[in-house]
Structure formats: structure tokens, C-alpha cells
Amino acid sequence: MVAFVIALCMTADAQDSLGVGETFDEQTLDSVVVTEQKKRPPLPQRLLMGVENFFMGCDTSYVTPQKYNLTAQVELSYWHDYYFLRSSQTNNTMVIQSDPSVILGGFVYYSIFGYGAVWNLNDLGIKAGKTNGTSLRQTFVIHTAKFFAEYYMFNSGKGAEIRSVSGIETKGKERTFHGLDSRCNGVSVLYMFNNRHFSWPAAFGANAVQRKSCGSWSVGFQYNHQRITFDKEELPDYIKEDIDSTLLFNKVNYNDYSVSVGYNYNWVLGRNVLFAISFIPSIGYRRSNITEAKDMGHSILNNVSTDLNLRMSLFWNNTRMFSGLILETHTYDYRQNKFGLTNTYGTLKYLLGVNVWKKPQYKNRTN
């Protein structure tokens, strides 16, 4: 019965294609039915295409979506950390700057899912305990037109330099410091309101191309966990002897839960060339745990947390190959009644990538 209905429906199509006055036999009808069935993708593929269209659907006059299933990219980046310690009791400060790290690695994407791993080249050939502690950084991401999500984890610190200390002259003296260790992991999710016209993947994921300049407000949620340890015994002797003890701590361990509202803009400079900027401040709740160096005291504090996330990028992307730069910075601020710590880290990335395995819906298209 089902076959009869299908045949009946296909008869009308066949008559249209053959002409009203033409006739065809049962064998011809069977071949038409088989041909139509072959044209229809299998169910799993149709489901995948439906899901992708839901997450990546866009106005193609503004955005060219990702045409390929797989993306591979190489990343060479420069990483820097900055720590500003201050005492609310004495107003004294200390500034520590980590040794710059040169990072090499890359990302692999399948559709909207990606995994990245990078290694610190500065750690090669250096003994354990004297490195920057950044031998491996890992990131899991989801890039879609509607939202962006990532989970990240990395270490930084170890190799650092004392830039300044209140009341102590450091110029021309030993300033190397191996007593700082920072470990960080977190989750970030952003939703783009103008997702039909604005493409976050085009700006920072390199798996789409923005064709017309456009901006979008975004709202997001972030969770960040940091553990920063400080070994004062690693300080140069002349600093260790005279430093204000209220600047010292053994360990700061905190969890941030915050929401953000930001603005993002993609500026099309020319065909396949894009400059993008994203400014996303956040505010939230921080549960902090600090162990102080002076008396080995232990206190737990609940604070309002702040973070300022700035991203900029410059990309060339012709849908098959892409190359670009991404600058990203984060600033976290920790305060309590007599001690404060601001931790800023930033990275400048150069990306070079290629897309392969063209999606079925784009195989017969030239652009």
C-alpha cells in the first residue's frame, strides 16, 4: 500500500518531467522512485544537518557558515602573567611578572566541537620545579552561531621576576623568583543575541566568514577556579629581610561564579578579511580561601568578584584556509580586609589552519 502511494505520487512528478502527452512503463516508474530515494540523505545525516542548522543557522548575506566537517589549525602564542599584591593596612605593594612563555600547539574541530592542546617551549630542557609550570594547556570548545562554550585548564607562574616592592630598591639587583605557582581551570558560556547576522565563530573560531560588518550584545556565565601559592623562601635574601609581612601569603584558593553582559563587533575590512573586538565585563560571587604567611592563619571570605575579558582578532579566511591573530586578556581581582591581589594574564596567538571534508550540502556549490 505504501509502495502504491509512493508510486502514485511519483507518477505525477514523472509525468511533469516526461510531458503530458508522453507515456512510460512500470520499469520507468520504478527507476524514478529509486532515483528519488537515492537523492535523500540517510536519517542520521539528516538529523545531524538539522541539529547543525539549528545551532549554526544564519543569514547567508551576512555570514558564510562553515562548509567543512573538519578543521585543523596550528597555534603559536605568547603568554604573560602579572600579579599586583597590596596591603590595605600599610598601603605597600609588590609587583610580580611571570617570565613570558612561547607556546606551540593547535586545535582540531569536528563540526562545532573542538579540542586544543599547547605546550610551553620555554620549559624544554629546564629542570622540574624551575619551569613556568605551563607545560600543557588544554581547552575544549563549542563554537556555534548562537552560543560559545569552553572548558579550559592551565598552569602558570614558577619562573617570574620581582618588578617592584614598596620601600626596597630592586634596580640592578637579583629579582628572579621561582616561588609563585598558579593553577587555573574554568567554564565559560556566551549567548549571542544577534546570532543570525553576527558570527562569533568567524571572529574567534575561524570556522565561518563574516561578509557584512555587524555587532551583537551577549550574555554569559563564567566559573573560574584559581589556586595561587607563594613560597617566600624563594625570594631574594635582601627582599625577604625587609619586605612588609602583610604583603605575603602562603596560598589563595578561590572559586568565582559570575554573569556577564558584553558587546561584540565584527568589522569586515575587505573580502575574507575581518577585524573583531569583544568587551565582556562580569560580576559575581567569589568564595575565597586564604592562608596567610605571617601567622599561618586560615580564613574563608565571601566576596563580590569582578573580571574583565577583552578579545580582539584579525583574520583572513577564504572558507578553505585561514590565518589570523587573536589577543585575549583576563583580569581577576581579589580583596579582603587587609590584603588584595590582582591577577592579569594575556595571550597573543597566531593561527594557521585548513578545512577539509566538505559537507554534502556544499559539494556542488562553487562559493
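Residues numbered from 1 in each chain as written. Predicted model: local features only at pLDDT ≥ 70, side-chain atom pairs only at ≥ 80, totals over all residues. Heavy atoms only, no water.

Asks: How would you summarise empty space enclosed by the protein if you had to cite specific residues and measurements?
Replies: With the rule as written, the count across this model stands at 7 cavities of 30 Å³ or more. Here the largest cavity is characterised by a volume of approximately 520 Å³. As for the largest cavity, its lining consists of 31 residues, of which Phe 107, Thr 139, Glu 150, Glu 328 and Lys 349 are closest to the centre. Of all elements in the fold, only strand 2 (68-87), strand 4 (101-110), strand 5 (113-120), strand 6 (137-143), strand 7 (147-165), helix 4 (200-205), strand 14 (321-335) and strand 15 (339-358) reach the threshold of two or more residues within the lining of the largest cavity. Here the lining of the largest cavity is composed, by residue class, of 16 nonpolar, 9 polar and 6 charged. Volume-wise, the second largest cavity comes out at about 110 Å³. Lining the second largest cavity are 16 residues, with Gln 222, Asn 224, Ser 258, Asp 307 and Tyr 332 positioned closest to its centre. Broken down by secondary-structure element, the contributors of at least two residues to the lining of the second largest cavity are strand 7, strand 10 (214-230), strand 11 (249-270), strand 13 (298-317) and strand 14. Per element, the largest residue contribution to the lining of the second largest cavity is 5 residues, and it comes from strand 13. (1 Å grid on protein atoms, 1.4 Å probe; cavity = no way out; pocket = protein on both sides within 12 Å on 5 of 7 lines; lining within 4 Å. Points joined across faces, edges and corners; volume = space filled by probe spheres on them. Helix = DSSP H or I, 4+ residues; strand = E, 2+ residues; numbered from the N terminus. Nonpolar A, V, L, I, M, F, W, Y, C, P; charged D, E, K, R; others polar.)

Asks: Any chance you could break down the environment of Pro 236 for me, citing the residues and the numbers?
Replies: Here Pro 236 lies in the loop between strand 10 and helix 5 (237-242). Sequence-wise, Pro 236 and Thr 176 are 60 residues apart; in three dimensions their C-alpha atoms are separated by 7.5 Å. Look past the residues within four positions of Pro 236 in its chain and what remains in contact with it is Glu 174, Arg 175 and Thr 176. (Contact = heavy atoms within 4.5 Å.)

Asks: Provide a residue-level description of the packing of aromatic side chains, including the pertinent values.
Replies: Taken as a whole and judged by the stated rule, the model has 16 aromatic pairs. Each ring, one from Trp 79 and one from Tyr 345, has its centre 5.3 Å from the other, and the planes form 15 degrees; the classification is stacked. With Trp 79 in strand 2 and Tyr 345 in strand 15, this residue pair connects regions lying 266 residues apart in the sequence. Just as Trp 79 is buried, Tyr 345 falls in that class too. Between Tyr 191 and Phe 193 the ring centres are 5.6 Å apart and the planes differ by 90 degrees, which places this aromatic pair in the edge-to-face class. Taken together through their ring pairs, the aromatic side chains of Trp 79, Tyr 152, Phe 154 and Tyr 345 make up a single cluster. Lying across the ring of Trp 79, Arg 137 places its NZ or CZ 3.8 Å from the centre. (Phe/Tyr/Trp six-rings, centres within 6.5 Å; stacked < 30°, edge-to-face > 60°. Buried < 20%, exposed > 50% of the residue type's maximum accessible area, 1.4 Å probe, protein only. Lys NZ or Arg CZ within 6 Å of the ring centre and 35° of its normal.)

Asks: Account for the pattern of salt bridges, naming residues and giving values.
Replies: Under the defined criterion, the tally for this structure stands at 7 salt bridges. Among the ionic pairs, Glu 161 bridges to Arg 175, the shortest N-O distance being 3.9 Å. Of this pair, Glu 161 sits in strand 7 while Arg 175 sits in the loop between strand 7 and strand 8 (176-192); the two residues are 14 residues apart in sequence, bridging distant segments of the chain. A residue is classified by how much of its surface remains accessible, and Glu 161, at 25% relative accessible area, is partly exposed. Here Glu 233 and Lys 240 are joined by a salt bridge, their closest N and O atoms 3.6 Å apart. Judged by relative accessible area, Lys 240 falls into the partly exposed class, the value being 30%. A network of salt bridges, in which partner residues are shared, links Glu 150, Arg 311 and Glu 328. (Salt bridge = Lys/Arg side-chain N within 4 Å of Asp/Glu carboxyl O.)

Asks: Any chance you could break down the nonpolar core for me, citing the residues and the numbers?
Replies: In terms of nonpolar packing, the biggest core is built from 31 residues, with Leu 85, Met 94, Ile 96, Phe 230 and Ile 243 touching the most fellow members. Secondary structure elements with two or more residues in this core: strand 2, strand 3 (93-98), strand 7, strand 8, strand 10, helix 5, strand 11 and strand 15. The element best represented in this core is strand 7, accounting for 5 residues. In contact with Met 94, other than residues within four places in its own chain, are Tyr 83, Phe 84, Leu 85, Ile 162, Ser 164, Val 165, Phe 230, Ile 243, Leu 247 and Leu 248. The next biggest cluster of nonpolar side chains, apart from the first, holds 24 residues, and it includes Phe 107, Val 141, Cys 214 and Ile 326. (Core = buried A, V, L, I, M, F, W, Y, C linked by side-chain atoms within 4.5 Å.)

Asks: Describe the pairing of strand 3, with residues and values.
Replies: Where strand 2 and strand 3 come together, 5 bridges link them in antiparallel fashion. Paired with Arg 86 across the bridge in strand 3 is Thr 93. Where strand 2 folds back on strand 3, the antiparallel hairpin that results is connected by 5 residues, among which Asn 91 adopts a positive phi of roughly 65 degrees. (Pairing = 2+ DSSP bridges.)

Asks: Tell me about the environment of Tyr 238, residues and numbers included.
Replies: Note that Tyr 238 resides in helix 5. Along the backbone, Tyr 238 and Glu 174 are 64 residues apart, and their C-alpha atoms lie at a distance of 9.0 Å. Within the structure, the side chain of Tyr 238 is placed 2.9 Å from the backbone oxygen of Glu 174, a separation counted as a polar contact. (Polar contact = N/O pair within 3.5 Å; in protein donor to acceptor, adjacent residues only side chain to side chain.)

Asks: If you had to explain the side chain of His 225 to someone new, which residues and values would you point to?
Replies: In this fold, His 225 is placed in strand 10. A distance of 2.8 Å separates polar atoms of two side chains, one belonging to His 225 and the other to Asn 253. When residues no more than four places from it in sequence are discounted, the contact partners of His 225 are Arg 183, Cys 184, Asn 185, Asn 253, Tyr 254 and Asn 255.

Asks: Give me unusual backbone geometry: which residues, what numbers.
Replies: Positive phi outside glycine occurs at Asn 91, with the angle close to 65 degrees. Here Asn 91 shows up in the loop between strand 2 and strand 3. Asn 91 gets classed as exposed once you look at its relative accessible area, which sits at 64%.

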